[in-house]
Amino acid sequence: MAWGVWGRARGGPVGALTLTALAEEIRANQGQPPGPSSIDPQPEPELEPEAEPTGVTAIPTARPVPCSLPRDPPNSWEEGALADLALYAAACLEEAGFAGTQATALTLSSALEARGERLEEQVYALVRGLLAQVPSLAEGRPRQAALRVLSALALEHAREVVCALLPSSLPPDRVAAELWRSLSRNQRVNGQVLVQLLWALKGGAGPEPEALAATRALGEMLAVSGCVGATRGFYPHLLLVLVTQLHQLARRASSPDTPKAWTPSDRGPPHSHASCAVEALKALLTGDGGRMVVTCMEQAGGWRRLVGAHTHLEGVLLLASAMVAHADHHLRGLFGNLLPRLRSADDTRRLTAMAFFTGLLQSRPTAGLLREEVILERLRAWQGDPEPTVRWLGLLGLGHLALSRGKVRHVSKLLPALLGALGEGDARLVDAALGALRRLLLRPRAPVRLLSAELGPRLPPLLDDARDSVRASAVGLLGTLVRRGRGGLQVGLRGPLRKLVLQSLVPLLLRLQDPSRDAAESSEWTLARCDHALRWGLLEEMVTVAHYDSPEALSRICHCLVQQYPSHIPSFLSQTQGYLRSPQDPLRWAAAVLLGFLVHHTSPSRVNQDLLDSLFQDLGQLQNDPEPAVVAAAQVSAQQVALLARAPPAPRLPRLLRLGLWRRAGPHRPPPVYASSPFQPRSVVGRWGCLGSGCA
């Protein structure tokens, strides 16, 4: 018989003597000679006081034999006899106190062996007898003594005790919960029990109901103060198993094969299992000093994401980020446990491990456990995976890698993967690539000129992307690029960047009216960066246009652009013309108004007749627009095009003199007058220090 980690007892208290007599009586009833007991007490027993061990129970190298929840119940005589044995043990322990726990465990094992049947079956039946007897025991010493019997059995037979209690944990049972908590408070056995629950929780350790029951048992045990300390040595493994089970439960709940109506035989709806796993995870983190991790997850909606089939990996990323910030003492262990799982054949284990791996790259000491080349090659390999989710996680990992100092030599390897992802059809991948490029620009000595040249043909189409998040991210990346290249722009350098900015001015101005608030705010921020870098002095006008219906401010912006960049006027007009066909009403209205002011401030010599005819034709097509405000704005702008087409050419004067006269006098055509915008501005009267109806 295996005697466990605590060794064979040298002696026992009065309770042990009573149980020894019980074992002899069982032998006599079975026709066996009494014989000496294997644990007879010594003449002078020496009992050591029960200590609070500080050792750690590690995961056993030999995998325990998995237990299955369905089990044939013992017959009524056997269950009654073993229940009596449990009460005998409880009575003995009530007399002997805590010091008799170890001796009682050995004596119980001897008494069970004396029955001549399999010890595993007897322990199972004895625990079931305890489950039946505990509710009838009075609170106080009798009930506590019965609970110590369970601890005594678990000290020698942890696996059998766990297998016997698991069937009563699903659906939840009040008595079983009390027994789990009593095991959790006993520091001699809680580590062994937690290890057995961990094996039951693992996907290959038994049928699915057993894993769900183990999750509930873990929640009960980990909620007891001080129990988490027993997980030291397999804490990262337990955390990963719990998070992976949440992924499995989320997939099961969203599967089309999952029944819509749950019956009692289903042992609870899926959301109750998920909430139990979340509570166990919270208890695990809180008990180890990770209360801030739990708080961060609550504030960011991480727990809600963890239980969602389509948002689980986002929740894992949030959990990893919170642990990097507030629980870094477990990161090395987590990182080591993740590496084998990255090649798992099970999708839920592999993807959960990939998400954790990606999130932990935010920690430089943790990422330093592997060589940079190894991490980079692994992330680049993910870009060739046919699964978009894997490619998305790889791009996020490249973004975290881009923030690390000392990795300048890897920029040439990072860029191809990031730039290639800008053409992906999945918005998550494009957003991740744009975010990684932005992080790359935030590094010291960022390759601004190289990125300006590479993004020149790629970024402008993304400013008009149909996906709101992609538009907002692309505009934000442009603003970061302008901010980092500000010095070169101010002295007239940065040719590729200057070209990219001028190519993006019209989309940025029109996106101030974008229905997506994120895209509109990102456009305002980027225009402010452009104003600062190119020294336009139009910050007040841009903020006014962004938040209020102010034709006067927009007119001043158009006047500046026409005067500063006369050679780009045809490009400005053509770009604005394209937005007249936008499916969004606010953008069509904004394009018509912007076109009118650009035409009003343009000299006749800057545009040809073909362009004017094209503008007049497109504005005329808007006369049938379903939005009345767009029709009215198009009529006013068409009048400006007609006035420009009939305007006499400027007199032949020296260029500098002609330019000076034009700036002083401006066009001799009446300015356009537009009705108030019917679309809701981003700010209302009373904000930005504006009070009263007379505030423009």
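Residues numbered from 1 in each chain as written. Predicted model: local features only at pLDDT ≥ 70, side-chain atom pairs only at ≥ 80, totals over all residues. Heavy atoms only, no water.

Q: Account for the overall build of the chain, with residues named and values stated.
A: For the chain, the helix and strand inventory stands at 34 helices and zero strands. About 31000 Å² of surface is accessible on the chain, with carbon and sulfur atoms providing 53% of the total. (Helix = DSSP H or I, 4+ residues; strand = E, 2+ residues; numbered from the N terminus. Areas by Shrake-Rupley, 256 points an atom, 1.4 Å probe, with all protein chains shown as cover.)

Q: Give a description of the pattern of salt bridges that names residues and reports values.
A: Under the defined criterion, the tally for this structure stands at 21 salt bridges. Salt-bridge contacts for Glu298 lead to Lys282; the nearest nitrogen and oxygen are separated by 3.9 Å. Of the two residues, Glu298 is situated in helix H12 (residues 291-299) and Lys282 in helix H11 (residues 270-287); the sequence distance between them amounts to 16 residues. Looking at Glu298, the relative accessible area reads 41%, which means it is partly exposed. Counted as one network, the salt bridges with shared partners bring together Asp464, Asp468, Arg471, Arg511 and Asp514. (Salt bridge = Lys/Arg side-chain N within 4 Å of Asp/Glu carboxyl O. Buried < 20%, exposed > 50% of the residue type's maximum accessible area, 1.4 Å probe, protein only.)

Q: Describe helix H30 (residues 569-578), listing the residues and the values that go with them.
A: Inspection of H30 places Ile569, Phe572, Leu573, Thr576 and Gln577 among the buried residues, and these make up the whole buried set. Down the axis of H30, the smallest arc covering the buried residues is 135°, so these residues share one side. (Arc of directions from axis to C-beta.)

Q: Describe unusual backbone geometry, listing the residues and the values that go with them.
A: A positive phi angle, close to 55°, is found at Arg445, a residue other than glycine. Within the secondary structure, Arg445 is located in the loop between helix H21 (427-441) and helix H22 (448-455). Look at Arg445 and you get exposed, because its relative accessible area is 67%. Residue Arg535 is not a glycine yet carries a positive backbone phi of 60°. Structurally, Arg535 can be placed in the loop between helix H27 (517-534) and helix H28 (539-547). The class of Arg535 is exposed, set by a relative accessible area of 58%.

Q: Let's hear about the packing of aromatic side chains: which residues, and what values?
A: Applying the stated criterion across every chain yields a total of four aromatic pairs. Seen from the ring of Phe357, Arg378 lies directly overhead, with NZ or CZ sitting 5.8 Å from the centre. Across from the ring centre of Trp392, 4.9 Å away, lies the NZ or CZ of Arg428, which sits over that ring. (Phe/Tyr/Trp six-rings, centres within 6.5 Å; stacked < 30°, edge-to-face > 60°. Lys NZ or Arg CZ within 6 Å of the ring centre and 35° of its normal.)

Q: Residue-level account of the state of the cysteines, with values.
A: Tallied over the full model, the rule gives zero disulfides. The thiol of Cys560 is not disulfide-bonded; the next cysteine sulfur, from Cys558, is found 9.9 Å away. Overall, Cys560 belongs to the buried group, its relative accessible area being 12%. (Disulfide = S-S within 2.5 Å.)

Q: Break down the nonpolar core for me, citing the residues and quoting the values.
A: Core analysis: the largest hydrophobic core is formed by 194 residues, its most contacted members being Trp180 and Phe356. In terms of residue count, the dominant contributor to this core is helix H31 (residues 585-600) (11 residues). Discounting chain neighbours no more than four positions away, the residues touching Trp180 are Val162, Leu165, Leu166, Ser169, Val193, Leu197, Ala217, Glu220 and Met221. (Core = buried A, V, L, I, M, F, W, Y, C linked by side-chain atoms within 4.5 Å. Contact = heavy atoms within 4.5 Å.)

Q: I'd love a proper account of the environment of Asp346, names of residues and values included.
A: Tracing the sequence through the fold places Asp346 in the loop between helix H15 (331-341) and helix H16 (347-360). A distance of 3.0 Å separates a polar atom in the side chain of Asp346 from the backbone nitrogen of Arg349. (Polar contact = N/O pair within 3.5 Å; in protein donor to acceptor, adjacent residues only side chain to side chain.)

Q: Could you give an account of helix H29 (residues 551-564), with specific residues and numbers?
A: The end-to-end C-alpha distance of H29, which contains 14 residues, comes to 20 Å, matching closely the 20 Å that a straight helix rising 1.5 Å per residue would cover. Within H29 the residues assigned to the buried category are Ala553, Leu554, Ser555, Ile557, Cys558, Cys560, Leu561, Val562 and Gln563. (Expected span 1.5 Å × (residues − 1).)

Q: Can you tell me about the packing of H21 against H22, naming the residues and giving the values?
A: The contact between H21 and H22 brings their axes to 10 Å, and the two run at 155°. Considering the angle they form, H21 stands roughly antiparallel to H22. By crossing handedness, the relation of H21 to H22 is classed as left-handed. Contacts from Leu437, Leu440 and Leu441 in H21 reach Val448, Leu451 and Leu455 in H22. Looking at the contact of H21 with H22 residue by residue, the classes come out as six nonpolar, no polar and no charged. (Axes fitted to C-alpha atoms, helices over the stretch in contact; angles between N-to-C directions. Parallel < 35°, antiparallel > 145°, perpendicular 65-115°, else oblique. Left-handed = near helix turned anticlockwise from the far one by under 90°. Nonpolar A, V, L, I, M, F, W, Y, C, P; charged D, E, K, R; others polar.)

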